Amino acid sequence: EDQVTQSPEALRLQEGESSSLNCSYTVSGLRGLFWYRQDPGKGPEFLFTLYSAGEEKEKERLKATLTKKESFLHITAPKPEDSATYLCAVQDTGFQKLVFGTGTRLLVSP
Amino acid sequence: DVKVTQSSRYLVKRTGEKVFLECVQDMDHENMFWYRQDPGLGLRLIYFSYDVKMKEKGDIPEGYSVSREKKERFSLILESASTNQTSMYLCASKGGREYEQYFGPGTRLTVT
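Residues numbered from 1 in each chain as written. Chains lettered and ligands numbered in written order. Predicted model: local features only at pLDDT ≥ 70, side-chain atom pairs only at ≥ 80, totals over all residues. Heavy atoms only, no water.

K.L.:
Explanation requested: the packing of aromatic side chains in the structure shown.
P.N.:
The relation between two aromatic rings is expressed through the spacing of the ring centres and the mutual angle of the planes. Here the structure, examined in full by the defined rule, presents 11 aromatic pairs over all chains. Between A:Tyr36 and B:Phe103 the ring centres are 5.4 Å apart and the planes differ by 90°, which places this aromatic pair in the edge-to-face class. One end of the pair, A:Tyr36, is in strand β4 (residues 30-38); the other, B:Phe103, is in strand β10 (residues 102-103), on a second chain. A residue is classified by how much of its surface remains accessible, and A:Tyr36, at 0% relative accessible area, is buried. Residue B:Phe103 is classed as buried on the basis of its relative accessible area of 11%. Between the aromatic rings of B:Phe33 and B:Phe48, the centroid separation amounts to 5.7 Å while the plane-to-plane angle is 25°, which identifies the pairing as stacked. (Phe/Tyr/Trp six-rings, centres within 6.5 Å; stacked < 30°, edge-to-face > 60°. Helix = DSSP H or I, 4+ residues; strand = E, 2+ residues; numbered from the N terminus. Buried < 20%, exposed > 50% of the residue type's maximum accessible area, 1.4 Å probe, protein only.)

Okay, here's the thing in structure tokens:
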């Protein structure tokens, strides 16, 4: 059974304090690993898709990386507006559905 | 930009009522999905549709049904709402050649 585990559950950073969020996954065949950002009371907003180990993608202060067992979302010099819940999901080959982790709640204080 | 809209942001219904949640996408996507999101449980797939009038059960279909009469519209139906269906409901859509799903703003449903 496909499974996604995210850690930590919650993370509090000072503005400018870089850190990483972890997403560990088990899947029989990886079609894609996805990162989303979700603000309170809103739907998830798509950030990145990673397809194979070694791949990296960047967007502003965010950088996502992928290995065969986990993905990291690195946040460099975060700002308060980066505060949100970050969700990781995987799609198995041959299936349409995504399997989500429970997310990491990030709070960046000024 | 992909736009997915949901009929209501907030909804309050009584136990036993029939509830309709509607989702519309404007990108001519083949695939549409309904999830519910609960604290500590994450997003769980209720139903999805890969074409008009086609549907597949997700992980938690009990108590729900769906309808897709037009490509752009996917409806989630709670035949007889119960308090354990109080949740955030999220609709998503995906093109045939894309992998990522795009989500609507969500409907916060409370059943009393």
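K.L.:
What am I meant to see in the interface of chain A and chain B here?
P.N.:
Taken together, the 19 residues of chain A in the interface contact 22 residues of chain B. Interface area for chain A against chain B, summed over the two sides, is near 1600 Å², with a carbon-plus-sulfur share of 59%. Three residues, A:Gln96, A:Lys97 and A:Phe100, lead the burial of chain A against chain B; their summed loss comes to 32% of the area buried on that side. Across the chain A-chain B interface, the total number found is one salt bridge. Residue A:Lys97 pairs with B:Asp59 through a salt bridge whose shortest N-O separation is 2.6 Å. Elements represented by at least two residues in the side of chain A that touches chain B include exactly β4, β5 (45-50), β9 (84-92) and β10 (98-100) of chain A. The greatest single-element share of the side of chain A that touches chain B, amounting to four residues, is contributed by β4(A). Across the side of chain A that touches chain B, the residue classes tally to eight nonpolar, eight polar and three charged. (Contact = heavy atoms within 4.5 Å. Buried area = accessible area lost by both parts, 1.4 Å probe. Salt bridge = Lys/Arg side-chain N within 4 Å of Asp/Glu carboxyl O. Nonpolar A, V, L, I, M, F, W, Y, C, P; charged D, E, K, R; others polar.)

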